[in-house]
Amino acid sequence: MRLLANEFIKVFGKKSIWLILLGAMCLNGILLYVNESSRVTRNNFYSTKHYKNIYVDLQGKSNQEALKILQDEFKTLEILMQLTYMENDILFQYNSQNGMLMDINEDELKKLEEIYKSGSYLKYTDDIWKEYWLYRDVISEITLCESYADYLNKIDEAAETLSQLPIFEEKDSFSYRNILKTPEAFNHLKGNKLYFGPSNGIKMATEFFGTDMLAVVLLIMIIASLITREKEMSQLILLKSTFLGRKPLVIAKLATAYLGSFIITVLLYGVNFFVAYHVYGFGSLNRLIQSVSGYMGSNLNITILHYFIMFLIAKLIIYILFTSIAFLFAVLAKDAVQLYLTLVSLLAVSAVAYYNIDQSSYLSIFKYLNIISFLNTYSFFKSYLNINFFDMPINYILISFITIIAKLIIAVTVSVLIFCRQKTIDNTSRITEVLKYIRSKLQLKYGYRSSRLFWHECYKIFIGGKSLLFLLVYAAVTFVTYKPLSENLSTLEDFYYKQYMLELEGEVNEDKLRYIEEEEARLSEAYNNMMQLMEEADISPYIMESYQNILAPYKALQEVKMHTDYLKTKNGSQYLYDSGYKILTGEGSGRYKDIQLALQSVIMTIVCIVYVYTVEYQTGSINLIKASYKGRLHTFLCKLGISVIILTVIYFTTYAPYFYNVLQAYGVRALSAPAYSMEHLSEIPKQISILKYLIFISVMRYIGLILTIFIIFWLSVRLKSVILTLVACICVLVLPLLFSLLGISGFDYVLLNPFLLGNVF
């Protein structure tokens, strides 16, 4: 027990560890919130607040009552969706499929017109499209709850139908056996009643994979502190030679690692549940898990409260499994690089298997029985699943539980045995040996051994500090995740706006102003003709549709007119298709991309450069270096030069693909136009073109990253610890960017953010 207490204090008795855990909690909460907000807005247009508010208003109502209220209001929205503003009038568009508006009398139309003009139909959002999607999604969720009995009946019907198809006639196949087994798994659920509630809160709390990635990093950090660090400092050899230095010691270390798994689970998922509850709420915890959107396929007869408890227990067991595997690799590995490479390889192979092997394949056992699949713990509860095990359908939860326990026992047993029997005192890894061999061959080839300070610092930073490895991984991830950008013309308004801008491109002149006037006159004439036909009740659906096509550019033309009024106030400004340039200059969604790229580059800079000075202060070798020839200014300049090289690689790896992607999608027309031709850059001087402005913000970002190096150096000298410097850098450099990402615009001007973001004018 005393040995366990000592090992626990060794890891968790440091302030730096708790600072890292606190930082991880904050980072997890922020990333969870940002991810959920962007996901909901991107996929559904409305916000998390809108979703929460509509469910708050429906509290205490039955499924039928809630559906009646929502469907009545949704019907009004569907009708109003057919109305389009045309200056001060309203155009009633005829729906050629169902003729909805033709069935409404004149009094009802006038009432709808008043509702539309007043905006009273917008109960939760500020836009009719957002309101429409919000109602549609909530109605869909409640309808699924109400139709659960039909869903269960369809499982029986589908099994009977599929079993008779020729492709499933082989009775010894996995598919046939799986079809027959599925209805039996759902029989005990018949008669259950589902009640609606906010689904997003439950999914937000349990489905965020970023939490698991943070947990994995923290678990690796704990294992490295327990085993790898002591190996690298040659302390483990000493500890093993002492009384209780083998079996009791390794058991104490394993127990400490498991306590760490428990602490990490509680802290990170405590944040998840807290944030999800405040963003959405959970509704009644006594309703069945099948009432959650996407979980209707579950065959577990459990409530949401039971789901939360079972989820957390399963998550803890899976973290303990990963800890045991990492512990085994740490015992086998000779240094941190070997440990990290082994674990990264394990996760990479697991991810490839999980995302690429088909569910019904005979290889599906490798898809589901690996660490990535287990980390997606919610999948155990989300839907009923059988795994193809030699053509036998085996329940996913059962075989996963057996596999986890078996792997856990094997990992623990092998770890203890190897730890107790290891006799080697050489902790030089094979990777280090290979690098030394290559260096010796190069020295033989060129006939000398370099004594230059620069090359020794390069070796210390790139190899000893793992910066080369981090850069290679970052470049590989950037390459793998690169996706060509498509031009976003999601609405007719966007399409016609582009056409107008390409037609008008160049400086404002009389010919272009006359073109706009003629275009407006053409559309106004078409509108008047259509209104006259409507008053005479002499318009067919086909003619109505043709008029709608003619009038489609109307909104885009109004936007062009407004932009023209702005251009008239700016001497020398030009028309240009600016959608791509708006993204690059931080307008709209471009702002969030700027922050995201700044975060990437800053985090990579910290990871690669935090080692440069701290390791020498941490080991005390700085005193020897300072006392030596060229040990001060010259050493500093070498370290700075190498850091700038690293930073330059990070900078181009981060921003070059982004600029290329956007410019390839949207084109590079009118680069020489004044930057203030775009309204959000109205304060930029006339002589600065768009090209010059893009170069200017790029240089600003580069300068911001160079200033980041000086801050990291200063913190390293003051704190004299890798861990403490890392935590301080996160607080000083990363957190302000995260707060900007959350939409707190004041943080755009805090510390280095103006330089790192660039687009702050």
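For every chain, the first residue of the written sequence is number 1, and numbering continues from 1 along that sequence. Totals for whole chains, interfaces and linings use all residues, but because this is a predicted model, local features are given only for residues with pLDDT of at least 70 and pairs of side-chain atoms are given and counted only at 80 or more. Values shown for side chains rest on all heavy atoms present in the structure; no hydrogens or waters enter the calculation.

Colleague: Any chance you could explain the pattern of salt bridges here in plain terms?
Modeller: Between side chains of opposite charge, a pair can form when the charged atoms approach closely. Every case where a carboxyl oxygen of Asp or Glu lies within 4 Å of a side-chain nitrogen of Lys or Arg is listed as a salt bridge. Tallied over the entire structure, the rule returns ten salt bridges. As a salt-bridge pair, aspartate 511 and arginine 514 come within 2.9 Å of each other at their nearest N and O atoms. With aspartate 511 and arginine 514 both in helix H23 (residues 510-535) and three residues apart, this pair spans about one turn of that helix. The numbering of helices and of strands both runs from the N terminus, where a helix is a DSSP run of H or I of at least 4 residues and a strand a run of E of at least 2.

Colleague: Where do I start with the packing of aromatic side chains in this structure?
Modeller: The geometry of two aromatic rings is summed up by the distance between their centres and the angle between their planes. Any two rings among Phe, Tyr and Trp, with Trp reduced to its six-membered ring, count as a pair given centres within 6.5 Å; such a pair is stacked if its planes are under 30 degrees apart, edge-to-face if over 60, and tilted if neither. Counted according to the given criterion, the structure contains 29 aromatic pairs. Arranged with centres 6.1 Å apart and planes meeting at 20°, the rings of tyrosine 148 and tyrosine 151 form a pair that is stacked. With tyrosine 148 and tyrosine 151 both in helix H7 (residues 148-163) and three residues apart, this pair spans about one turn of that helix. Pairing tyrosine 295 with tyrosine 307 gives two aromatic rings, centres 5.8 Å apart and planes at 70°, and the pair type is edge-to-face. Residue tyrosine 295 is located in the loop between helix H12 (247-279) and helix H13 (304-332), and its partner tyrosine 307 is located in helix H13; the two are separated by twelve residues in the primary sequence. The pair formed by tyrosine 295 and tyrosine 307 is uniform in burial state, with each residue classed as buried. Joined through ring pairs, the aromatic side chains of Tyr269, Phe273, Tyr277, Phe282, Tyr295, Tyr307, Phe308, Phe311 and Phe381 make up one cluster. Here the guanidinium or amino end of lysine 367 rests over the ring plane of tyrosine 354, the centre of that ring lying 5.2 Å away. Here the basic side chain of lysine 367 rests over the ring of tyrosine 368, its NZ or CZ set 5.5 Å away from the ring centre. Think of it in three bands: with a 1.4 Å probe and only protein chains considered, a residue is buried below 20% of the maximum accessible area for its type, exposed above 50%, and partly exposed in between. Placement of a positive charge over a ring is assigned whenever Lys NZ or Arg CZ falls within 6 Å of the ring centre and within 35 degrees of the normal to the ring plane.

Colleague: How should the packing of helix H3 (residues 48-57) against helix H6 (residues 128-146) be read in this particular structure?
Modeller: For any two helices packed against each other, the geometry comes down to the angle between their axes and how far apart the axes lie. Throughout, an axis means a line fitted to C-alpha atoms (over the contacting stretch in the case of helices), and angles, computed between N-to-C directions, take values from 0 to 180 degrees. With their axes 11 Å apart at the nearest point, H3 and H6 run at an angle of 50° to one another. Overall, the two elements H3 and H6 adopt an arrangement that is oblique. Regarding H3 and H6, the two cross each other, and that crossing is right-handed. Along the contact surface, H3 presents His50, Tyr51, Ile54 and Tyr55, while H6 presents Leu134, Tyr135, Val138, Glu141 and Ile142. Following the grouping adopted for this structure description, the nonpolar residues are Ala, Val, Leu, Ile, Met, Phe, Trp, Tyr, Cys and Pro, the charged ones are Asp, Glu, Lys and Arg, and the polar ones are all others, Gly among them. Looking at the contact of H3 with H6 residue by residue, the classes come out as seven nonpolar, one polar and one charged. An angle below 35 degrees is treated as roughly parallel, one above 145 as roughly antiparallel, one from 65 to 115 as roughly perpendicular, and anything else as oblique. Rotating anticlockwise by less than a right angle from the far helix to the near helix defines a left-handed crossing, while the corresponding clockwise rotation defines a right-handed one. Note on contacts: a residue pair is in contact if any heavy atoms of the two residues lie within 4.5 Å.

Colleague: I'm lost on the pairing of strand E4 (residues 392-395) in this one. Help?
Modeller: Each regular strand carries side chains that alternate between the two faces of the sheet. Pairing between strands is defined by DSSP: at least two bridges between the two strands are required. Where strand E3 (residues 386-389) and E4 come together, four bridges link them in antiparallel fashion. Across the sheet, residue phenylalanine 389 finds its bridge partner in E4, namely methionine 392. Once E3 ends, the chain turns through two residues before running back antiparallel as E4, passing phenylalanine 390 with a positive phi of about 55°.

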